[in-house]
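What follows is each chain in one-letter form.
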Amino acid sequence: MKYLQKSHYAAAILLSAIFLTFLIAPIPEAQAANCYSGGLGSRSFGVRYVNVNSQWTGGFDTASSRWNSSGAGASIQSQATAIPIMTAGQYTDSWYGLYTPIQNAGGKTFKIQVNARTLSQSAPSNQYWNWVLSTSTHELGHGLRLLDNPLSANPNGSLMNHNRNRNTVGSPTSYDVSYVRSCY
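The following refers to the structure shown. These numbers come from a predicted model, not from an experiment.

## Some words on the pairing of strand S3 (residues 85-89)
Part 1 of the reasoning: Counting buried positions over the 5 residues of S3 gives 5, a clear majority of the element.
Part 2 of the reasoning: Here S3 shows two buried faces, one formed by Ile85, Thr87 and Gly89 and the other by Met86 and Ala88.
Part 3 of the reasoning: Where strand S1 (residues 44-49) and S3 come together, 2 bridges link them in parallel fashion. Among the inter-strand pairings, Arg48 is bridged to a residue of S3, identified as Ile85.
Part 4 of the reasoning: Here 5 bridges tie S3 to strand S5 (residues 107-115), and the two strands are oriented parallel to one another.

Now the structure itself:
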């Protein structure tokens, strides 16, 4: 059996101590502290589509299914009697999508508006529905307690980043999924 030199032995002890400290150190809850208070208290909720045609209904269903299949534990369903609503229109404002939290007698709810006017002005013509789906999925992320513009490594690392490529980032990323899981 070969013996370690004193310097190697000291280095091994130091590395072991660092490793053990990492294993027993409490996991910081900084992620949970950054959860959006305007989001809902559960990852399972219904949403009612208001004043939209079948094409928009299909788009909103796709946005919900992207969260439902992401691994975040979400279960978002279209329900005709749900209090949270999603709609689309030709709004004069410059935003692509708007999430408005609402507190009522029944608790927290929300209204999501998707701005077809600004999306059609900004998206390249062959990418319009990619942008609609990215925006709709992003807005549902607020219902799952996610904030805008997280400190992910790059803009395309999170669906919630306003500077993401809306043509390619239309579904929750692993970063988004981990944040949703930490918020509940």
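Next, the rest of the story.
## Considerations on the nonpolar core
Generally speaking, soluble globular proteins have nonpolar side chains that are buried together.
Part 1 of the reasoning: By size, the foremost hydrophobic cluster in this structure holds 33 residues, and its most contacted members are Trp56, Trp67, Ile76, Phe110 and Leu140.
Part 2 of the reasoning: Within the residue set of this core, elements represented by two or more residues are S1, helix H3 (54-68), S3, S5, helix H4 (116-122), helix H5 (128-143) and helix H6 (174-183).
Part 3 of the reasoning: Sequence-distant contacts of Phe110, that is, excluding residues within four places in its chain, are made with Leu40, Phe45, Val47, Ile83, Pro84, Ile85, Tyr99, Thr100, Pro101, Ile102, Leu140 and Gly143.

## So, the layout of surface pockets
Part 1 of the reasoning: The computed volume of the largest pocket comes to approximately 230 Å³.
Part 2 of the reasoning: In this structure, the largest pocket is lined by 17 residues; those nearest its centre are Gly97, His138, Glu139, Asp148 and His162.
Part 3 of the reasoning: Counting residues per element, the ones that place at least two in the lining of the largest pocket are strand S4 (97-104) and H5.
Part 4 of the reasoning: Top contributing element to the lining of the largest pocket by residue count: H5, with 4 residues.
Part 5 of the reasoning: Of the residues contributing to the lining of the largest pocket, the split by class is 7 nonpolar, 6 polar and 4 charged.

## Side note on the sheet that holds S3
In any sheet, the strands associate via hydrogen bonds between backbone groups, in a parallel or an antiparallel arrangement.
Part 1 of the reasoning: Pairing is mixed in the open sheet, where 5 strands are placed in the order S2-S1-S3-S5-S4. Both edges of this open sheet fall to strand S2 (75-78) and S4, since each of them pairs with a single strand only. Taking each pair of neighbouring strands and ignoring which way they run, the sheet shows an average axis angle of 25 degrees.
Part 2 of the reasoning: Of the strands in this sheet, S1, S2, S3 and S5 touch H3, which is tilted by about 165 degrees from S2.

## Points about the environment of Leu98
Part 1 of the reasoning: Relative to the helices and strands, Leu98 is located in strand S4.
Part 2 of the reasoning: Judged by its relative accessible area of 29%, Leu98 is partly exposed.
Part 3 of the reasoning: Sequence separation between Leu98 and His142 is 44 residues, and the spatial gap between their C-alpha atoms is 9.8 Å.
Part 4 of the reasoning: Setting aside its immediate chain neighbours within four residues, Leu98 contacts Lys111, Ile112, Gln113 and Glu139.

## Some remarks on the side chain of Asn115
Part 1 of the reasoning: Locating Asn115 in the fold gives a position in strand S5.
Part 2 of the reasoning: Of the polar contacts made by the side chain of Asn115, one reaches the backbone oxygen of Asp93; its length is 3.0 Å.
Part 3 of the reasoning: Dropping the residues within four chain positions of it, Asn115 is found in contact with Gly89, Gln90, Tyr91, Asp93, Trp95 and Tyr96.

## A look at H3
Part 1 of the reasoning: The terminal C-alpha atoms of H3, which comprises 15 residues, lie 20 Å apart, in line with the 21 Å expected from a rise of 1.5 Å per residue.
Part 2 of the reasoning: What H3 keeps buried is the set Trp56, Gly59, Phe60, Ala63, Ser64 and Trp67. The buried residues of H3 occupy an angular sector of 135 degrees when projected down its axis, which confines them to one face.
Part 3 of the reasoning: With a side-chain oxygen positioned 3.0 Å from the backbone nitrogen of Gln55, the residue opening H3 is Asn53.

Scoring rules and cut-offs
- Residues numbered from 1 in each chain as written.
- Predicted model: local features only at pLDDT ≥ 70, side-chain atom pairs only at ≥ 80, totals over all residues.
- Heavy atoms only, no water.
- Buried < 20%, exposed > 50% of the residue type's maximum accessible area, 1.4 Å probe, protein only.
- Helix = DSSP H or I, 4+ residues; strand = E, 2+ residues; numbered from the N terminus.
- Pairing = 2+ DSSP bridges.
- Core = buried A, V, L, I, M, F, W, Y, C linked by side-chain atoms within 4.5 Å.
- Contact = heavy atoms within 4.5 Å.
- 1 Å grid on protein atoms, 1.4 Å probe; cavity = no way out; pocket = protein on both sides within 12 Å on 5 of 7 lines; lining within 4 Å.
- Points joined across faces, edges and corners; volume = space filled by probe spheres on them.
- Nonpolar A, V, L, I, M, F, W, Y, C, P; charged D, E, K, R; others polar.
- Axes fitted to C-alpha atoms, helices over the stretch in contact; angles between N-to-C directions.
- Polar contact = N/O pair within 3.5 Å; in protein donor to acceptor, adjacent residues only side chain to side chain.
- Expected span 1.5 Å × (residues − 1).
- Arc of directions from axis to C-beta.

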